[in-house]
Amino acid sequence: MKVSIIVPVYNAEKFLPQCLDSLVNQSIDDYEVILINDGSKDSSAEIIEQYKNKYPQIINAVTVQNGGQGRARNIGMKMAKGKYLGFADSDDWVSPDMFRLMYEKAEAEGADLTVCDIEERYGNGGSRRINMSQYERLIKIDTAVWDKLIRRDLAEGVYFPENKIWYEDLAFVIKIALKSKKQARLSEPLYFYRVGQESTMNNNNSRKNLDIITILEDLKAYMLPLGYKEEFNSLVINHLLLETVKRVERQNSSDKKEVMKELRDYVKQNIPSLTKCESFKAESFNRRLIMYLNYHGLSGLSRKILNLKSGLAK
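All figures in this text were calculated on a predicted structure; none of them were measured in a lab. (Residues numbered from 1 in each chain as written. Predicted model: local features only at pLDDT ≥ 70, side-chain atom pairs only at ≥ 80, totals over all residues. Heavy atoms only, no water.)

A. Examining helix α4 (residues 98-109) more closely. If you check α4, its first and last C-alpha atoms are 17 Å apart, about what 12 residues at 1.5 Å a residue would give, namely 16 Å. G110 occupies a position one or two residues after α4 and carries a positive phi of about 65°. (Helix = DSSP H or I, 4+ residues; strand = E, 2+ residues; numbered from the N terminus. Expected span 1.5 Å × (residues − 1).)

See the structure below:
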C-alpha cells in the first residue's frame, strides 16, 4: 500500500463530509483513510459509518474513548499499512491530487519527508496561500503535521504526546525532521486549512499554554544528547518566546500574568543571555525586537508594535 491518511475526528459533523469527500476521491491508487472517532458526542460516528459502508475498500475506522488528538493519531499510526503516512484534520480538506503528487515527489527524490504548501480559507470567502515548503532551515520547518508525507518506517518509535496535551505536532514533527535524511518540497497549495474555527489553540485558557514547556522538555531530552543545542534554542525563542507569548498576551484570563512569568522564566533558564544566543542573532531585526521585548517582560509593548505593523500593512 502506498499511503495511509490518518484523520482524528471529534465532534466534527459540520465539516466532516467535505473532508471525507476530498479524501475518498484522491487520484492516487492503493491507499487507505484511517478515521479515529475520538469519542465524538455529535453525529460524527454516523457520518463515519456511512462513508465506511460506501467506501469499504478505502476507509478503515475505529471508535475510541476520548483521549485527545495526539492519542488518536498514535492509534492511527499503529493501524497504518502504507509506505507513507499522511494526516488531515477533520474540519479541513485537500486537493484531489494531494497524495498522488506527494507520493510521486517522495518516490522521485527518495525523500522520507515531503512538505507541500497550503491555502488558508476564511469564513468570508477569502483565502491566503502559505508557502510551508519554503522553510530556510530544517529546524524552521512548520510544525503542522497535515502538510507532510512521512515515510512510515521513519516514524517508528516516534509518537505524538498524549493526555490531551497541546503543541503535540511540535514534538512529533521536529523529531521526524531531525531523523529524516532526505526532504522534498512541493511548492503547490494542496491542503486547505479552515481558519476561524474554535480550537484547542484558539481559546482563553492561558494556563494550558504551559504545555509547551512539557513539550520542549521532551525535545530537550531528545535533542541535546544528539548535539542539537542551538537548534533547541531556536525552538525556544520561536515557539515559546515569540508565538506562545504572543498568543497568551492576547488573552484575558485571570492567571495570564502568572503564566507569562512562567514562560519567560523557562526561556531564561535555558537561555540566560538572549543577546548572546546564536539563534537569536540569526533572526531578522523585527523578530529580534519582539523576542527581546517579550524576554524582558514587555509583551504588552510588543503587542502594540505588532498591531501597528498589521495596521500599516492593510
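The structure having been displayed, the exposition proceeds.
B. How the structure looks around the nonpolar core. Residues F172 and L216 are the most contacted members of the largest nonpolar core, which totals 99 residues. No other element matches helix α7 (residues 229-249), which puts nine residues into this core. In this structure, L216 is in contact with L170, F232, L235, V236, L240 and Y266, ignoring residues within four places of it in sequence. (Core = buried A, V, L, I, M, F, W, Y, C linked by side-chain atoms within 4.5 Å. Buried < 20%, exposed > 50% of the residue type's maximum accessible area, 1.4 Å probe, protein only. Contact = heavy atoms within 4.5 Å.)

C. Spatial organisation of the pairing of strand β1 (residues 3-9). Of all seven residues that make up β1, seven are buried, and the element is covered over most of its length. Direction of pairing for β1 relative to strand β2 (residues 31-38): parallel, over a ladder of seven bridges. Counterpart to P8 in the pairing with β2 is I36. Viewed along the sheet, the connection from β1 through helix α1 (residues 16-24) into β2 turns out right-handed. Sheet topology places β1 next to strand β4 (residues 84-87); four bridges connect them, and they run parallel. Paired with S4 across the strands is L85, a residue of β4. (Pairing = 2+ DSSP bridges. Right-handed = clockwise from strand over helix to strand, strands pointing away.)

D. Inspection of the side chain of S302 at higher detail. Counting through the fold element by element, S302 comes out in helix α11 (residues 299-313). In this structure S302 comes out as buried when scored by relative accessible area, which is 3%. A polar side-chain atom of S302 sits 2.7 Å from a polar atom in the side chain of N294. Every residue in contact with S302, bar those within four places of it in the chain, is listed here: I290, L293 and N294. (Polar contact = N/O pair within 3.5 Å; in protein donor to acceptor, adjacent residues only side chain to side chain.)

E. Up close: the packing of α1 against helix α2 (residues 44-54). Relative to each other, α1 and α2 sit at 25°, their axes nearing to 11 Å. Accordingly, the angle class assigned to the pair α1 and α2 is roughly parallel. α1 and α2 meet at a crossing whose hand is right-handed. Along its contact with α1, which presents L16, P17, L20 and D21, the element α2 presents S44, I47, I48 and Y51. Residues that form the contact of α1 with α2 fall into these classes: six nonpolar, one polar and one charged. (Axes fitted to C-alpha atoms, helices over the stretch in contact; angles between N-to-C directions. Parallel < 35°, antiparallel > 145°, perpendicular 65-115°, else oblique. Left-handed = near helix turned anticlockwise from the far one by under 90°. Nonpolar A, V, L, I, M, F, W, Y, C, P; charged D, E, K, R; others polar.)

F. Just the side chain of R73, in detail. As for its placement among the helices and strands, R73 is situated in helix α3 (residues 69-79). Ignoring anything within four residues of it in the chain, the contact list for R73 reads I6, P8, F87, D89, V145, W146, F160, E168 and D169.

G. Geometry of the pattern of salt bridges. Counted by the stated rule, this structure contains 25 salt bridges. Between D255 and R207 there is a salt bridge, with its nearest N and O atoms 3.4 Å apart. Remark: R207 occurs in the loop between β9 (183-194) and α6 (211-223) and D255 occurs in the loop between α7 and α8 (256-270); sequence separation between them is 48 residues. Across the pair K246 and E243 runs a salt bridge, and its minimum N-O distance is 3.4 Å. One end of the pair is K246 and the other is E243, both in helix α7 and three residues apart, which spans about a single turn. Linked by salt bridges that have partners in common, R73, D89, E168 and D169 make up one network. (Salt bridge = Lys/Arg side-chain N within 4 Å of Asp/Glu carboxyl O.)

H. Up close: unusual backbone geometry. Of note in the backbone geometry, N163 takes a positive phi value of approximately 65° without being a glycine. Looking at the secondary structure, you find N163 in the loop between β8 (148-151) and α5 (168-179). On the basis of relative accessible area, N163 is assigned to the exposed category, the value being 72%. We note that K164 has phi near 55°; this positive angle belongs to a residue other than glycine. Take K164: it is sitting in the loop between β8 and α5. Residue classification places K164 among the partly exposed positions, given a relative accessible area of 46%.

I. Representation of the packing of α7 against helix α10 (residues 285-295) in the model. Two numbers describe how α7 lies on α10: the axes approach to 10 Å, and their chain directions differ by 75°. One way to sum up the angle between α7 and α10 is to call them roughly perpendicular. Taking contact as the criterion, the partners of I237, N238, L241, L242 and V245 in α7 are, on α10, R287, I290, M291, N294 and Y295.

These results come straight from atomic positions and should not be treated as a statement about function.
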